[in-house]
Structures are given as structure tokens and as C-alpha cells.
Amino acid sequence: MNLIIKDNYDEMSKATGDFVIDYINKKADTLLCIAGGETPYGLFKYLIEASKNGKVDFSKCKFVGLDEWVGLGRETRGSCQETLYNNFFDLLPIKEEQICFFNGLAENLESECKRVDKFISDNGNIDLMVLGIGMNGHIGFNEPNVPLDTYCHVVDLDPITKDVSVKYFDEALDVKQGISLGMKTINESDTILLMANEERKAEIVRKTVNEEKTPLVPSSLLKDFPKLYFFLDKAAASKL
Ligand code: PGA
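Residues numbered from 1 in each chain as written. Predicted model: local features only at pLDDT ≥ 70, side-chain atom pairs only at ≥ 80, totals over all residues. Heavy atoms only, no water.

Quick look at the site of the ligand now. Near the ligand, the surroundings consist of Gly37, Glu38, Thr39, Gly132, Ile133, Gly134, His138, Lys167, Tyr168, Arg200 and Lys201. At a separation of 2.6 Å, an oxygen atom of the ligand approaches a polar side-chain atom of His138. One of the side-chain nitrogen or oxygen atoms of Lys201 is found 2.7 Å away from an oxygen atom of the ligand. Protein contact buries 90% of the 280 Å² of open area that the ligand shows by itself. (Near = heavy atom within 4 Å. Polar contact = N/O pair within 3.5 Å; in protein donor to acceptor, adjacent residues only side chain to side chain. Areas by Shrake-Rupley, 256 points an atom, 1.4 Å probe, with all protein chains shown as cover.)

Okay, the sheet that holds strand 10 (residues 228-233) next. If you trace the seven strands from one edge of the open sheet to the other, you get 1-10-9-6-2-3-5, paired in parallel fashion. With partners counted over all chains shown, the strands left at the sheet margins are strand 1 (2-6) and strand 5 (99-100), one partner each. In this fold helix 7 (residues 202-210) packs onto strand 1, strand 9 (191-196) and strand 10, with an angle of close to 150° to the strand it touches most, strand 10. (Pairing = 2+ DSSP bridges. Helix = DSSP H or I, 4+ residues; strand = E, 2+ residues; numbered from the N terminus. Contact = heavy atoms within 4.5 Å. Axes fitted to C-alpha atoms, helices over the stretch in contact; angles between N-to-C directions.)

Before going further, it helps to spend a moment on the side chain of Thr16. Of note, Thr16 is situated in helix 1 (residues 9-26). Residue Thr16 is classed as buried on the basis of its relative accessible area of 0%. Within the local environment of Thr16, its side chain forms a polar contact with the backbone oxygen of Met12, the two atoms lying 2.7 Å apart. (Buried < 20%, exposed > 50% of the residue type's maximum accessible area, 1.4 Å probe, protein only.)

What follows is about the pattern of salt bridges. Pairing is possible between side chains of opposite charge, provided their charged atoms come close. For the coordinates displayed, the defined rule picks out 17 salt bridges. Two residues, Asp7 and Lys234, come together in a salt bridge whose shortest N-O distance is 3.3 Å. Taken together, the residues span a long stretch of sequence, with Asp7 in the loop between strand 1 and helix 1 and Lys234 in the segment after strand 10 at a distance of 227 residues. In this structure, Asp90 and Arg74 form a salt bridge, with 2.6 Å as the shortest nitrogen-oxygen distance. With Asp90 in the loop between helix 3 (80-87) and strand 5 and Arg74 in the loop between strand 4 (67-69) and helix 3, this residue pair connects regions lying 16 residues apart in the sequence. Each of the salt bridges in this network shares a partner with another, and the network as a whole consists of Glu203, Arg206, Glu211 and Lys239. (Salt bridge = Lys/Arg side-chain N within 4 Å of Asp/Glu carboxyl O.)

As C-alpha cells, this is what we get:
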């Protein structure tokens, strides 16, 4: 694991962004997956600015969603789709055909999983995966006690994820399930960037980095991934 510790959130976002830009400059047709949640907002801003300034060209990239709350679509502020489209995709000069995102409102969630799996395999697996880390160590909606042998799948949400969910929405929503890329999908990526900032993440970062691998802390399962880069700000790294 490569640990990159920066002084603050902006520096962490910039360092992650520079990695993404460098990767795409070497592989123009990168299949990129970036998590929703609050952590990547700075990264989105940095990449949009870089695109405007001609430092990176996303026109040949493909984009796939990491996860979504079951029952929520783009019209719900705080859904993963809304977050990615309104803060990233819609602000880049890219076409809708380049993007595959989970529809949390799909009637048949199994078909929705197959559709996303197919997009990924048709494009030769994910090149660059950018993940946040949940307060319970989840990555995407791969929750504590995660099975290792899954591609896209529907998940019952962990109580901590349900508690944390209120911060994303305008009103508390009774979310019970998620749809997510699985550990197998994640492990088949070429390179994984994990990001965490703020002191509230310090304990889960410590467990991820300093303790043994366990499915109870899904982020810890990435430890031995060959090309893993863990971007932290000082506060999140304070218990290492
Ligand atoms: P956050 O969520 O970026 O909003 O902290 C991280 C996650 O749950 O993966």
C-alpha cells in the first residue's frame, strides 16, 4: 500500500487529481469509476478545472458508477447519480454514451446489475477506481461482513450506513438497500485510489492500515492490492 499524506483536504484532492490526470494522459480510453459521497468533491472540482485548462482530455474515457441507494434516482438530491452528474459528468465535455450509472429506481435490480457488469466487461474491466471509505470501512456498498466473490449486487445496508445517510439528503430517507459494484469488480481493477479526510475517519483509517485484513472492515481487504494508493489528509492519518 502506498500512503500519501497531505496537509489538508485541498492538497489531498489535488494529489489524487494529479494521479488521475497522469493516468488518463497515459491511457486515453481509461474506464474510470469515482465514488459518490462527500470525499471526492474536491477531486471533481480539480478534474473539471484541469479539463477546462486542457491538462486532461476525458473524451475517450468511459465512466461507470460505483453504487446507488435502492429506490433513489437522479431527481433525489444526494443520490449517487445526482452527485456524480451534477458535480462531475455534466460539467465535463463528455457524452452520455460514455457513462454507465446504476438506476436505483430500476424495477428489476438483478438486470440492472447485469447491465452494469456487462458495460464493465465490454470495456475490459475498470482501469482506475477511486473509492471513499465509510465510517464502518465500507467501500461502495460493500458493507461489513462483505462476501468476496461478488460482481454487481444488491446489498442490505449496515446500520452505520443508514445512520450516516441522513447527511446526504434534504430530509431523512428510509434507505434499506444499496446496489453496488462488488469486491470482485473492485479487485479486477488495474489501480485503486482510496481517499479519506477529516478526523472522524481517523479510527477506520487506522483499522484499515494497521490491523489485520478482515471482511468486517471491507477497506482492509484492499491492503495487499498491488497498485493501491491511499490518499489521506493529516487529520484522517492522525491515528496511524
Ligand atoms: P463520505 O462517504 O465520502 O460521504 O464520507 C464515504 C463512503 O461512505 O464511502
